[in-house]
Amino acid sequence: MYSSPTLSRYIGRQFIVWFCLLMVILLAIVLLLDTVELLRRAGTKPNVTFGLVVEMALLKLPEIGQQIFPFVILFAGMFTFWRLTRSAELVVARAVGVSAWQFLMPVMFAAAAIGVVKVTLINPVGAVFIAKYEQLQDRYLKLQSSTLNISRSGLWLRQTSEKEQFFIHAELVNPVTFELSNVIVFLFDADQNYLGRVDAPSAELKDRKWELQDAVLNRAKKDPEKLDSYTIPTELDMATIEESFAPPETISFWELPRFIHTLETTGFPAVRHRLHYQSLLAQPFLFLAMVLFAAAFSLRLPRRGGTMAMVTGGVLTGFVLFVMTDVVRTFGMSETIPIVMAAWSPAGISLLLGTAALLHLEDG
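About the criteria used
Once a new chain begins, its residue numbering starts again from 1 and follows that chain's sequence as written. Since the coordinates come from a predicted model, pLDDT governs what is reported: local features require at least 70, and pairs of side-chain atoms require 80 or more to be given and counted, while whole-chain, interface and lining totals use all residues. The side-chain values count all of the structure's non-hydrogen atoms but skip hydrogen atoms and water molecules. UniProt positions are given in the numbering used here, feature names are shortened, and annotations may be inferred rather than shown by experiment. Helical segments are the DSSP runs of H or I of at least four residues, strand segments are the runs of E of at least two, and each set is numbered from the N terminus. Type-normalised accessible area, obtained with a 1.4 Å probe on protein chains alone, sets the label of each residue: buried when under 20%, exposed when over 50%, and partly exposed for intermediate values. Residues count as neighbours in contact if any of their non-hydrogen atoms are within 4.5 Å of one another. Areas reported here follow the Shrake-Rupley algorithm with a probe of radius 1.4 Å; residue values treat only the protein chains shown as occluding. Only protein atoms enter the 1 Å grid used here. Points where a 1.4 Å probe fits but cannot escape make up a cavity, open sets with protein on both sides within 12 Å along at least five of seven lines make up a pocket, and a residue lines them when an atom lies within 4 Å of a point. Grid points are joined across faces, edges and corners, and a volume is the space filled by probe spheres set on the points. Three residue categories are used. Nonpolar comprises Ala, Val, Leu, Ile, Met, Phe, Trp, Tyr, Cys and Pro, charged comprises Asp, Glu, Lys and Arg, and polar comprises the others, including Gly. Pairing of aromatic rings covers Phe, Tyr and Trp, the last through its six-membered ring, and needs centres within 6.5 Å; plane angles under 30 degrees mean stacked, over 60 mean edge-to-face, and all others mean tilted.

Looking up the protein in an unreviewed UniProt entry gives the name Lipopolysaccharide export system permease protein, with the organism given as Azospirillum oryzae. The Subcellular location (unreviewed entry) field of the UniProt record for the protein holds the comment "Cell membrane".

Turning our eyes to something else, we now look at the overall build of the protein. Each helix and strand counted, the protein has 10 helices and 6 strands in total. The buried share of the protein, taken over its 364 residues, is 44%. Within the protein, counting contacts between residues at least 6 apart in sequence, those at least 24 apart form 64% of the total. In the form shown here, the protein has an accessible surface area of approximately 19,000 Å², with 63% of it arising from carbon and sulfur atoms.

This brings us to the layout of surface pockets. Estimates place the volume of the largest pocket at around 920 Å³. For the largest pocket, the lining is made up of 33 residues, of which Gln66, Gln67, Gln283, Thr325 and Arg329 are closest to its centre. Broken down by element, the residue count for the lining of the largest pocket peaks at 9 residues, all from helix 9 (residues 307–333). Taken together, the residues of the lining of the largest pocket sort by class into 18 nonpolar, 9 polar and 6 charged.

Before going further, it helps to spend a moment on the environment of isoleucine 16. Among the structural elements, isoleucine 16 can be located in helix 1 (residues 5–41). When the C-alpha positions of isoleucine 16 and alanine 76 are compared, they lie 7.9 Å apart, and in sequence the two are 60 residues distant.

The next thing to look at is unusual backbone geometry. Backbone geometry places asparagine 182, a non-glycine residue, at a positive phi of 55°. Position of asparagine 182 relative to the elements: it lies in strand 3 (residues 180–189).

This part is about the environment of valine 17. By secondary structure assignment, the location of valine 17 is in helix 1. For valine 17, a relative accessible area of 51% puts it in the exposed group. Each C-alpha atom, one on valine 17 and one on alanine 76, is 8.5 Å from the other, the two residues being 59 residues apart in sequence.

On to the packing of aromatic side chains, then. Applying the stated criterion to the full structure yields 9 aromatic pairs. Between the aromatic rings of phenylalanine 19 and phenylalanine 69, the centroid separation amounts to 5.7 Å while the plane-to-plane angle is 50°, which identifies the pairing as tilted. Taken together, the residues phenylalanine 19 in helix 1 and phenylalanine 69 in helix 3 (residues 69–86) connect sequence positions 50 residues apart. Across the pair, phenylalanine 69 and phenylalanine 19 agree in class, each one buried. A ring pair is formed by phenylalanine 253 and tyrosine 277, whose centres lie 5.4 Å apart and whose planes are at 20°; its orientation type is stacked. A residue pair is termed long-range when its members are at least 10 positions apart, and phenylalanine 253 in the loop between helix 6 (238–244) and helix 7 (256–266) and tyrosine 277 in helix 8 (residues 271–298) qualify at 24 residues. As far as the burial class goes, phenylalanine 253 and tyrosine 277 line up, both buried. In this structure an aromatic cluster arises from ring pairing among Trp18, Phe75 and Phe79.

This is the structure:
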């Protein structure tokens, strides 16, 4: 078995060039289509200028760009192997003892590196852009001043301290100041034993604590006690509350673990955020699977068809992957299946299928 660092660098460089070229082309197309769509939506909004539409389209671009990464990896790999096969460069490499797995390694390494960069660098930067886009969309297109939504039953929160647990219910919430109205707080000790309740007409969030005004404290076997104020410690702040109702894509990969912990501690649902975080962790492995599929489609083109077969196979693979990911994600969002399974299944199944296809075609 013969392996050349020069050959590995050459193949890896070819893949990266194709990846960058395809990414630029697809992003340009996406930008054009998004601009047209935003112009259509802004047609009845006199306050929305063309410059604002272009700004919003540019801010939205990272969101779509991150979604098309797997497909760009797939087609970049296909074009790379197709070109090297058609020019007989891989034929020469095989003649000197280089196996398919050896000249796949630099492409797989490059794909994994792209996945790591995408998750650790592009995602945090993109989250800032997406959050800004959501703010502009709510303000100018949806004409909303806040993304906060409360169910018909009101708002429920759970707060904990060293000795007590607090379950807070509010009938009304001010979406600007986040002042709670008609508040009831149920008190429990660390062992979930009921201690009493606190009723108050309002509560405000100040310096990481809930401050209940004109509260009435009711404890078991004791007379009601009127208090000017009653405070409850919390890990929440205004930014965390607003972000909890925003899409998880607007939160940086590095901030997600802490944010998920805060949501679960205070009683907010964190299913979407946990699923998104696990999906990000699985993406480098999904990119590896795309490289294996690309090799399976394009390495033997001279003997098994041509360009049309390669393109058709790639499109079908991308479509099946998209549908499978969407279906499994839906099951994960509804918690029909574990979140980790929902996030990692597309990458794991794709990796196994890609490996099996290449082993079958190349005889190992």
